Amino acid sequence: MPARSQDDLIAIAEVFQGEGCVQMVQPLGNGNVNDTYLVQSTSGSTVLQCLNTRVFQQPELVLQNLEVLGSHIDQKLSSGATHPLLQQRRWQLPSLLRTKTNGQSWHRCSAGHVWRSISFVPDCTCVNVVEGAEQARELGIGLGLFHQLISDLPPAALADTLEGFHITPSYLEAYHRALVQTDRQPNAARERCIAFIREREASCDVLERAKQRGDLPMRPIHGDPKINNVLLDCRSGQAVALIDLDTVKPGLVHYDIGDCLRSCCNRLGEETDQLEAVQFDLDLADALLEGYLGVAGSFLSEVERGYIPEAARLISFELGLRFFCDHLQGDTYFKADYPDHNLQRALVQFQLSASIENQLPQLRALVERHAAPAAV
Ligand code: GN1
Ligand code: MG
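Note that the structure is a prediction, hence the values are computed from the model and not measured.

Remarks on the domain arrangement of the protein
Structurally, the protein comprises domain 1 (6-120) and domain 2 (133-370). Domain 1 and domain 2 are separated by 25 Å when their C-alpha centres are compared. Contact residues are listed per partner, giving 33 residues for domain 1 and 37 residues for domain 2. Between domain 1 and domain 2 lies a buried interface of about 3,200 Å² when both sides are counted; carbon and sulfur atoms form 58% of it. The three residues of domain 1 that bury the most area against domain 2 are Asn 32, Arg 89 and Trp 91, which together make up 22% of that side's buried surface. The interface formed by domain 1 and domain 2 holds five salt bridges in total.

A look at the site of ligand 1
Residues in contact with ligand 1 amount to 15 residues; listed here are only the nearest, Lys 226, Asp 244, Glu 270, Arg 322 and Tyr 333. The separation between an oxygen atom of ligand 1 and a polar side-chain atom of Asp 224 is 2.8 Å. Within the contact set of ligand 1, an oxygen atom lies 2.5 Å away from a side-chain nitrogen or oxygen of Tyr 333. In isolation ligand 1 exposes 440 Å². Once the protein is present, 96% of that is buried.

Overview of the environment of Asp 183
Note that Asp 183 resides in the loop between helix H4 (168-181) and helix H5 (188-200). Spatially, the C-alpha atom of Asp 183 lies 8.5 Å from that of Gly 330, the residues being 147 residues apart in sequence.

Description of the coordination of the magnesium ion (ligand 2)
Only Asp 224 (OD) and Asp 244 (OD) from the protein reach the magnesium ion (ligand 2) as donors, at distances of 2.0 Å. Note that Asp 224 is positioned in the loop between strand E8 (219-221) and strand E9 (230-233) and Asp 244 in the loop between strand E10 (239-242) and strand E11 (249-251), a separation of 20 residues in sequence. Classification of Asp 224 as buried rests on a relative accessible area of 19%. Classification of Asp 244 by relative accessible area gives partly exposed; the value is 27%.

Some words on the packing of helix H2 (residues 59-79) against helix H3 (residues 133-150)
Their axes nearest at 9 Å, the elements H2 and H3 cross at an angle of 95°. It follows that H2 is roughly perpendicular to H3 by the angle criterion. Taking contact as the criterion, the partners of Leu 69, His 72, Ile 73, Lys 76 and Leu 77 in H2 are, on H3, Phe 146, Gln 148, Leu 149 and Ile 150.

Concerning the state of the cysteines
Tallied over the entire structure, the rule returns zero disulfides. In this structure Cys 109 is not part of a disulfide, and its nearest cysteine sulfur, from Cys 50, lies 6.5 Å away. Not engaged in a disulfide, the cysteine Cys 260 finds its nearest cysteine sulfur in Cys 264; these two sulfurs lie 4.1 Å apart. Given the relative accessible area of 1%, Cys 260 is considered buried.

Focus on the layout of surface pockets
Counted as a void, the largest pocket has a volume near 880 Å³. Lining of the largest pocket is provided by 44 residues; of these, Gly 31, Asn 228, Asn 229, Ile 243 and Asp 244 occupy positions nearest its centre. Elements that contribute at least two residues to the lining of the largest pocket include exactly strand E3 (44-51), strand E6 (114-119), strand E7 (124-125), helix H7 (253-264) and helix H10 (308-328). Top element by residues in the lining of the largest pocket is H10. It accounts for five residues.

Quick word on the packing of aromatic side chains
Applying the stated criterion across every chain yields a total of seven aromatic pairs. An aromatic cluster of three or more residues is present, and its members are Phe 196, Phe 317 and Phe 350. A cation over a ring is seen here: Arg 200 above Phe 196, with NZ or CZ 3.7 Å from the ring centre.

Details of the pattern of salt bridges
Summed over the entire model, instances satisfying the criterion amount to 26 salt bridges. In this structure, the salt-bridge partner of Glu 199 is Arg 200, at a minimum N-O distance of 3.2 Å. Exposure remark for Arg 200: the relative accessible area of 13% places this residue in the buried category. For Glu 270, the salt bridge identified is with Arg 262, shortest N-O distance 2.8 Å. Residue classification places Glu 270 among the buried residues on the basis of a relative accessible area of 16%.

Conventions adopted
- Residues numbered from 1 in each chain as written.
- Chains lettered and ligands numbered in written order.
- Predicted model: local features only at pLDDT ≥ 70, side-chain atom pairs only at ≥ 80, totals over all residues.
- Heavy atoms only, no water.
- Domains from an automatic or database assignment.
- Contact = heavy atoms within 4.5 Å.
- Buried area = accessible area lost by both parts, 1.4 Å probe.
- Salt bridge = Lys/Arg side-chain N within 4 Å of Asp/Glu carboxyl O.
- Near = heavy atom within 4 Å.
- Polar contact = N/O pair within 3.5 Å; in protein donor to acceptor, adjacent residues only side chain to side chain.
- Areas by Shrake-Rupley, 256 points an atom, 1.4 Å probe, with all protein chains shown as cover.
- Helix = DSSP H or I, 4+ residues; strand = E, 2+ residues; numbered from the N terminus.
- Donors = N, O, S within 2.8 Å, 3.2 Å for Na, K, Ca; no water.
- Buried < 20%, exposed > 50% of the residue type's maximum accessible area, 1.4 Å probe, protein only.
- Axes fitted to C-alpha atoms, helices over the stretch in contact; angles between N-to-C directions.
- Parallel < 35°, antiparallel > 145°, perpendicular 65-115°, else oblique.
- Disulfide = S-S within 2.5 Å.
- 1 Å grid on protein atoms, 1.4 Å probe; cavity = no way out; pocket = protein on both sides within 12 Å on 5 of 7 lines; lining within 4 Å.
- Points joined across faces, edges and corners; volume = space filled by probe spheres on them.
- Phe/Tyr/Trp six-rings, centres within 6.5 Å; stacked < 30°, edge-to-face > 60°.
- Lys NZ or Arg CZ within 6 Å of the ring centre and 35° of its normal.

Below is the structure:
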C-alpha cells in the first residue's frame, strides 16, 4: 500500500458524509488490488477505499453496480420475500456513503485517485484460513444467501466492470503473450508452472463452452467470494455479509462457488509457504456444499450443479495462471510483498488445483448428496 500521511487520509475521509469528526484512519485487511482503510470518527467507524484504477478502469461503473445491487437487496430484505434463514439471522449489505458537497458516491482526490466510503458492519470478523467444518458450512451459507438474494436481479442491470474477468481462456491467451515477452529467466519453479499449464490448457474452456452451449446461464455474481470476503458474526459465527463488491457483475455463478471452495477448503490458506502440503480438504468441502446447496440448491438446475466440481478445479487453475502471468509481467496487477511472491502464490494454486483434480469423483458425490431433493 502506498505511504499516505494521516492528515491526507483524514482529509479524504472527511469528504464523505458521517456525523462525527474523523479521528484516525488505519489500513484494514489485506486485499491484493485496492487499498482499504478503517476510519474512526466520533460517531463510529466507516470503511474508506482507494480503487485501483489500473484494474477498474471505469470506476463509475463499479459504483453504479453497487447502487443497483444495494437497492435490489434492500428491497428484497424489506419485502420479506427472502430465504427463510434470513428471518432467523442478521444479514447486512455494506452501503455507499455519499460526499458531503455533491452527494456523489465517489471522490477523486488531488492526486487523481478514486475513493469511496462504505458503511462498516459492526461486531464481525473474517478469517484468512478456515477454522473448521462448522465455519466452512457458514461460509457456504453466506455465499448461498448472497446468490439467492441476487438470483432475480436481471444480469443486464449490471455493467461489466472488468471485461474478461473470470473468462479462463482469455487469461490463457494473456499468459502465452507474457511468456514470449517476459524478462524472467527460466528456473525450476517457473518450469514447473509452465509444465502444469501446458498439461491442462486444453480443458480451460470447459465453463465457457458450457455457457455457449446454453447449459449454464449468465447470472449476477459476486466475482470474488474468497474466504476473507465473508463477514462472520463475532458471537454466533454466522455469516452476516459478503463484502468487496467491486466485482459484482454478470457471469457464471460457478466461478463464485469454485472460488469459495478453493479458498475455504485449503487449510493452509493461499499465502502458505508449505507448498507440498497444500491439499483440497473434502471434509471442509462437504460442510461448505451442505451450507451452500441448502440455500442455493433451490434455484440452481441439475446441469448447473453438475459443473460445480469442475469449477473448483478450474478456478484454482485460473488464479494460478493469473498469479503466474503477473509474475512474468513484473507484478503489475497483484500487490507483491517480495520478489517471487506471485510465483509462490501460483504454485500454491496449481498444487490445490491438482489436488481437486485427483478428488473429482468424491467431490461430485458430495454435490449430488447435498443437491436439493427433487420436487414430488
Ligand atoms: C484479488 O483484491 P482481492 O484480494 O479482494 C482478485 C481476485 C483474486 C484474489 C486472490 C479484482 O482479490 O480475483 O481471486 O485477489 N481481485 C481482482 O487472493 O482481480
Ligand atoms: Mg476483491
